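Chain by chain, the residues run as shown.
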Amino acid sequence: MPLPAPRRLLLLALCWLPAAALADGSLSAERQQELETLLYQDCGSCHGMTLRGGLGPALPESRMNAYSRDGLAALILNGVAGTAMPGWAGLLTEEEARWLADHLQNDNPLDE
Ligand code: HEC
């Protein structure tokens, strides 16, 4: 049986607390969930579903922190010219790209 609604809301709020605190604060929890799905499915189609690499390189936390957050967001928005890495500016706002950069730098499943 699902939890009663107030309990579910509380759980949801608790789950999103760290991400919301790190992000710019104005992305809805729903949009953050969509971005996380995008990261592992769309980005994951090249970088691997667990970001371990495939056509694109692995994206471990240590490597991601070699970039500034804004530098990483710019890379995501612009892509890498001359490679298969596409620019996402048509699909993502700057704030959303920064959210992804922040996720890669601070909430990365691949933090070796
Ligand atoms: C069509 C395949 C493809 C997709 C989809 C893709 N990438 Fe990439 N990505 C690449 C390739 C190839 C490179 C390596 C470019 C190079 O040689 O410098 C790369 C490089 C990167 C880098 C730099 C890695 C490093 O070690 O410096 C980051 C960060 C990155 N991608 C993030 C993302 C994110 C976030 C998404 C989704 C929003 C995404 N990529 C979607 C192919 C892809």
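Everything that follows concerns the structure shown earlier in this document.
Summarised in this report is the structure supplied together with it. Quick caveat: nothing in here was measured; it's all calculated off a predicted structure.

**Regarding the side chain of Gln 32**
Phase 1 of the analysis: Along the chain, Gln 32 falls in helix α2 (residues 29–47).
Phase 2 of the analysis: Of note is the side chain of Gln 32, whose polar atom sits 3.0 Å from the side chain of Trp 99.

**Quick look at the coordination of the iron atom of the ligand**
Phase 1 of the analysis: At the metal site, the iron atom of the ligand is ligated by His 47 (NE2) and Met 85 (SD), and these contacts range over 2.0 to 2.1 Å.
Phase 2 of the analysis: In this structure, the iron atom of the ligand is coordinated by six donor atoms arranged in octahedral fashion, with angles at the metal of 87 to 179 degrees. Of the two residues, His 47 sits in helix α2 while Met 85 sits in the loop between α4 (69–78) and α5 (94–106), which places them 38 residues apart along the sequence.
Phase 3 of the analysis: Among the residues examined, His 47 registers a relative accessible area of 10% and is labelled buried.

**Quick word on the site of the ligand**
Phase 1 of the analysis: Neighbouring residues of the ligand: 19 residues in total, closest Cys 43, Cys 46, His 47, Tyr 67 and Met 85.
Phase 2 of the analysis: Within the contact set of the ligand, an oxygen atom lies 2.6 Å away from a side-chain nitrogen or oxygen of Arg 63.
Phase 3 of the analysis: Elements supplying a minimum of two residues to the shell around the ligand: α2, α3 (61–64) and α4.
Phase 4 of the analysis: Broken down by element, the shell around the ligand gets its largest block of residues, four residues, from α2.
Phase 5 of the analysis: Across the shell around the ligand, the residue classes tally to 14 nonpolar, three polar and two charged.

**Description of the packing of α4 against α5**
Phase 1 of the analysis: At their nearest, the axes of α4 and α5 sit 8 Å apart, and the two run at 120 degrees to each other. With respect to α5, the element α4 is oriented oblique. Between α4 and α5 lies a crossing whose hand is right-handed. Residues Arg 69, Asp 70, Leu 72, Ala 73, Ile 76 and Leu 77 of α4 lie in contact with α5, whose contacting residues are Glu 94, Ala 97, Arg 98, Leu 100, Ala 101, Asp 102, Leu 104 and Gln 105.
Phase 2 of the analysis: Grouping the constituent residues of the contact of α4 with α5 by class yields eight nonpolar, one polar and five charged.

**Points about the pattern of salt bridges**
Phase 1 of the analysis: Scanning all chains against the criterion turns up two salt bridges.
Phase 2 of the analysis: In this structure, Glu 34 and Arg 31 form a salt bridge, with 2.8 Å as the shortest nitrogen-oxygen distance. Highlighted residues: Glu 34 and Arg 31, both in helix α2, separated by three residues, approximately one helical turn.
Phase 3 of the analysis: In this structure Arg 31 comes out as partly exposed when scored by relative accessible area, which is 25%.
Phase 4 of the analysis: Of the charged contacts in the structure, one is a salt bridge between Glu 96 and Arg 31, with a shortest N-O distance of 2.6 Å. Note that Glu 96 is positioned in helix α5 and Arg 31 in helix α2, a separation of 65 residues in sequence.
Phase 5 of the analysis: According to the relative accessible area criterion, Glu 96 is buried, its value standing at 8%.
Phase 6 of the analysis: Sharing partners across several salt bridges, the network here consists of Arg 31, Glu 34 and Glu 96.

**What to know about the nonpolar core**
Phase 1 of the analysis: Ile 76, Leu 92, Leu 100 and Leu 104 are the most contacted members of the largest nonpolar core, which has 21 residues in total.
Phase 2 of the analysis: Mapped onto this core, the elements with two or more residues apiece are α2, α4 and α5.
Phase 3 of the analysis: Residues in contact with Leu 100, not counting those within four places in the same chain, are Leu 35, Leu 38, Leu 39, Ile 76 and Leu 92.

What counts, and where the lines are drawn
- Residues numbered from 1 in each chain as written.
- Predicted model: local features only at pLDDT ≥ 70, side-chain atom pairs only at ≥ 80, totals over all residues.
- Heavy atoms only, no water.
- Helix = DSSP H or I, 4+ residues; strand = E, 2+ residues; numbered from the N terminus.
- Polar contact = N/O pair within 3.5 Å; in protein donor to acceptor, adjacent residues only side chain to side chain.
- Donors = N, O, S within 2.8 Å, 3.2 Å for Na, K, Ca; no water.
- Tetrahedral: all angles 85-135°; square planar, octahedral: opposite > 155°, others 65-115°.
- Buried < 20%, exposed > 50% of the residue type's maximum accessible area, 1.4 Å probe, protein only.
- Near = heavy atom within 4 Å.
- Nonpolar A, V, L, I, M, F, W, Y, C, P; charged D, E, K, R; others polar.
- Axes fitted to C-alpha atoms, helices over the stretch in contact; angles between N-to-C directions.
- Parallel < 35°, antiparallel > 145°, perpendicular 65-115°, else oblique.
- Left-handed = near helix turned anticlockwise from the far one by under 90°.
- Contact = heavy atoms within 4.5 Å.
- Salt bridge = Lys/Arg side-chain N within 4 Å of Asp/Glu carboxyl O.
- Core = buried A, V, L, I, M, F, W, Y, C linked by side-chain atoms within 4.5 Å.

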